[in-house]
Every structure is written in C-alpha cells, then in structure tokens.
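Examining the three-dimensional arrangement
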Amino acid sequence: MDILTHTLSGLAAGALVAGFYNNRGGEPKGPARKRSGDGAVCDTPAGAINGLIGSTNARCSRRYISSTYICSTYTCSAATIAAGGLGGALPDIDAISLWSRFDATIGNFFGLSHSGTVIYSGKFWYSHHGFFHSLAAALLIAAIIISADYLIRVRRRSATFGGYIRRRQPAIIGFVSGFVIHLLEDMATPASAWGGVRFFWPLKTYLGGTGDIWWWNNYDIFLIAAGVFVVCVIVLVLRRFMRFGAKCLIAAVFASGCILCAVQIKSRDCDYAFTGHTDKYNTFETASKRQQREILGNKVYNAMEWLDRKLPIYF
Ligand SMILES: [Zn+2]
C-alpha cells in the first residue's frame with residue numbers, strides 16, 4: 001500500500017506538470033504556429049515561419065519554441081503523468097535488498113560482503129533511504145533514461161538532442177517531481193536505523209525521520225492522493241471545453257491535496273518516532289490501524305484493509 005500511495009502521489013504530480021504545459025488543450029490553431037521536425041510547436045510571427053512550411057524535417061529556431069504548447073496533446077500529457085508515477089515508485093527500488101533471493105543473486109553478482117537484511121538497515125549508499133532516496137538520484141536516473149531513449153529511438157529520426165530534451169521537458173520534470181514527492185512523504189516516517197532520508201546525497205546528512213506517521217496503513221493519505229490524481233486527470237481531459245483556466249484549477253486541486261495531507265500527517269494522536277530499532281513495532285502498527293479506522297469509518301477502513309491484503313507486495 002505504501003508504494004501505491006507514493007505512485008499515486010507521483011501520478012498526481014505528473015498531472016500537475018502536464019497541466020502547466022498546456023492550459024488550453026489541443027494544439028494551438030492559426031497560421032503562425034507549426035510543428036517542427038523534433039515535435040515541438042513553433043510559435044512564430046507568420047512571416048518568420050516561411051522556411052518551416054512544407055518541410056517535414058524543419059526545426060524551430062530556439063527563440064520561437066513556445067513552452068506553453070510543448071505538451072499540447074493528450075499523448076504528451078499521459079506520458080508526463082506516467083513519468084510522474086514512475087518517479088513516485090522508483091526510490092523504493094533500494095528495498096530490493098529485502099528480497100529473499102537477494103544474497104544468492106544480486107549480492108553474489110556484486111560480491112557484497114553483507115547480507116541483504118544488513119544492507120537494508122545500514123548506511124551504505126545503496127541501503128534503504130540512501131542514494132536512491134536523494135535528489136541526485138532523481139536527476140541522474142532521469143538523465144540516464146532520457147539519454148538511452150534518445151540514443152535508441154530518436155536519433156534515427158534525425159532530431160537534435162536539444163530539440164528532444166525540449167520535447168521531453170514535461171516528462172522529465174514530471175519524473176523528478178514524482179520522485180521528490182516520494183522523498184518528502186518518507187520524511188514523515190520514523191527515523192529508524194537511517195535517521196530520515198539522505199536527500200542531499202552525497203552529503204551524509206539525513207533529513208526527516210520525524211515519526212509523524214507509521215510506515216504502513218496510511219489509507220487517508222492514499223485516498224487523498226487518489227482523489228487529487230482523478231480530479232486532475234478529469235480537468236486535463238476536459239480542459240479544451242473549459243472557458244476558465246484549467247491550469248489554475250489543477251494547481252488549486254493539487255495544493256489542496258498537499259495541505260490536506262499535511263494536516264492529516266500532523267494530526268496523528270500517536271508519536272511514532274524512534275531511532276535504531278524498537279520493541280514497540282506491534283504497538284505502533286496497532287495504533288496506526290486504530291487511528292485509520294477512526295478517520296475513515298468502519299466501511300471505508302475495511303475496504304482499504306481488504307485492498308491492502310490483496311496486494312502481493314509488502315511495501
Ligand atoms: Zn521510500
């Protein structure tokens with residue numbers, strides 16, 4: 001359930017970014033704008049695009065690319081949202097050290113001298129809440145994915161790397177936003193063995209670890225993230241029929257969701273903070289479930305618990 005909450009938060013962040021890249025929907029009309037060879041939409045004075053008309057491989061001059069219309073199609077919006085979801089889920093890849101076959105496979109391949117369990121709770125750069133829970137990881141992984149995609153798919157179509165980056169700008173920002181939201185959400189969980197999240201890796205400082213919420217069962221946060229995501233997508237789909245600013249509406253919905261989450265996180269009646277290890281694990285878990293039942297009511301809580309049990313992943 002925890003990973004689903006992070007993914008939904010990332011999807012919502014992606015929807016926010018998609019909304020900011022086009023607040024009208026559909027491609028801009030009028031003779032003054034043309035799509036370039038690398039997919040960006042030129043926003044130029046009519047007289048300045050003569051060289052582009054009729055050319056299938058034309059490129060916008062940098063000064064004529066309109067950032068407002070870079071992401072003007074539903075496909076681009078969907079890609080931006082998906083990138084946000086991927087960014088929201090990816091940081092917990094470092095929990096793979098808990099996998100039962102980690103030592104025999106990955107640990108053996110890299111010749112690691114510590115077991116997966118020790119690595120998970122340790123402070124190695126590849127431990128949980130280490131490098132993969134940092135801003136540097138968000139930027140580096142985005143750079144690797146985008147470079148690989150360019151080399152494999154786009155280069156054959158003769159698009160310049162600069163033009164490709166401009167076209168993928170919404171997805172890149174969506175990915176990094178989803179990734180960072182995951183890190184912020186983790187900061188509210190207990191410090192445990194790490195002391196928070198190593199946000200500014202390679203610095204050794206860990207941020208957060210406040211213990212405002214328990215690791216799991218934060219169904220209220222899940223439902224808020226799901227609600228924000230669904231409303232943002234509906235606005236994105238309907239934006240071309242809207243007379244007022246869809247961008248502002250999406251931003252307002254997202255901001256409301258963030259405020260609501262902050263209120264929920266800060267109003268727990270139990271302090272879950274601990275460092276190192278705790279013998280109150282079951283007590284904390286029980287307290288978290290009890291509070292979720294109080295917040296959501298029996299019906300919604302039982303439905304969420306049923307869904308949680310159906311998930312094949314522990315996270
Ligand atoms: Zn995490």
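All values derive from a computational prediction rather than experimental measurement.

Moving on: the overall build of the protein. When helices and strands are counted, the protein shows 9 helices and 2 strands. The secondary structure elements of the protein, listed N-terminal to C-terminal, are α-β-β-α-α-α-α-α-α-α-α. In the protein, 72% of the contacts between residues at least 6 apart in sequence involve partners at least 24 apart.

As a further point, take the packing of helix 1 (residues 2-21) against helix 8 (residues 246-266). Interaxial distance between helix 1 and helix 8 falls to 9 Å at its minimum, and their mutual angle equals 155°. The angle between helix 1 and helix 8 places the two elements in the roughly antiparallel class. Crossing hand, helix 1 versus helix 8: left-handed. Residues A12, A15, L16, G19 and F20 of helix 1 form the contact with helix 8, whose own contacting residues are A246, K247, I250, A251, F254 and G257.

This part covers helix 1. The end-to-end C-alpha distance of helix 1 is 29 Å, a good match for the 28 Å that 20 residues give at a rise of 1.5 Å each. Of all 20 residues making up helix 1, 17 are buried, and the element is well covered by its neighbours.

This paragraph deals with the packing of helix 7 (residues 219-238) against helix 8. Between two packed helices, both the angle of their axes relative to each other and the distance between the axes serve to describe the pair. Viewed as axis vectors pointing N to C, helix 7 and helix 8 meet at an angle of 180°, and their least axial separation amounts to 10 Å. When the axes of helix 7 and helix 8 are compared, the pair comes out roughly antiparallel. Taking contact as the criterion, the partners of D220, I221, I224, A225, V228, V231, C232 and V235 in helix 7 are, on helix 8, A246, L249, I250, V253, F254, G257, L260, C261 and Q264. The residue inventory of the contact of helix 7 with helix 8, partitioned by class, reads 14 nonpolar, 2 polar and 1 charged.

Across the junction of W201 and P202, the peptide omega takes the value 15°, indicating a cis bond. When you line up the elements, P202 lands in the loop between helix 6 (161-187) and helix 7. Backbone geometry at H129 places phi at a positive 65°, although glycine is not the residue there. Relative to the helices and strands, H129 resides in the loop between helix 4 (116-121) and helix 5 (135-154). Judged by the 32 C-beta atoms lying within 10 Å of it, H129 falls in the buried class. The phi torsion at N217 lies on the positive side, around 60°, for a residue other than glycine. Relative to the elements of secondary structure, N217 occurs in the loop between helix 6 and helix 7. Taking the C-beta count within 10 Å as the criterion, N217 has 22 such neighbours and is therefore assigned buried.

Attention now goes to the environment of Y150. Looking at the secondary structure, you find Y150 in helix 5. Assessed through the 16 C-beta atoms surrounding it within 10 Å, Y150 is described here as partly exposed. Along the backbone, Y150 and I165 are 15 residues apart, and their C-alpha atoms lie at a distance of 8.9 Å.

This next bit is on the nonpolar core. Grouped together as the largest cluster of nonpolar side chains are 49 residues, with contacts concentrated most on A12, A15, F229 and C232. At the level of secondary structure, the elements contributing two or more residues to this core comprise helix 1, helix 2 (74-89), helix 5, helix 6, helix 7 and helix 8. Filtering out sequence-adjacent residues up to four positions away, C232 remains in contact with A12, A15, L16, G19, I250, V253 and F254. Judged by nonpolar contacts, the second largest core, of 5 residues, contains A188, I213, Y272 and F284.

Moving on to the confidence of the model for the protein. The predicted structure's coordinates, where accompanied by low pLDDT, should not be read in detail. Of all residues in the protein, 82% attain a pLDDT of 70 or more, and the chain-wide mean is 84. Per-residue pLDDT, averaged within each element of the protein, yields its smallest value for strand 2 (residues 41-43) (44) and its largest for helix 7 (95). Confidence drops under a pLDDT of 50 for residues 25-69, and excluding neighbours within four residues, the segment shows 71 contacts in the predicted structure.

So, how was this worked out
Residues numbered from 1 in each chain as written. Predicted model: local features only at pLDDT ≥ 70, side-chain atom pairs only at ≥ 80, totals over all residues. Helix = DSSP H or I, 4+ residues; strand = E, 2+ residues; numbered from the N terminus. Contact = placed C-beta atoms within 7 Å. Axes fitted to C-alpha atoms, helices over the stretch in contact; angles between N-to-C directions. Parallel < 35°, antiparallel > 145°, perpendicular 65-115°, else oblique. Left-handed = near helix turned anticlockwise from the far one by under 90°. Expected span 1.5 Å × (residues − 1). Buried ≥ 20, exposed ≤ 12 C-beta atoms within 10 Å, placed from the backbone. Nonpolar A, V, L, I, M, F, W, Y, C, P; charged D, E, K, R; others polar. Core = buried A, V, L, I, M, F, W, Y, C linked by C-beta atoms within 7 Å. pLDDT = per-residue confidence, 0-100.

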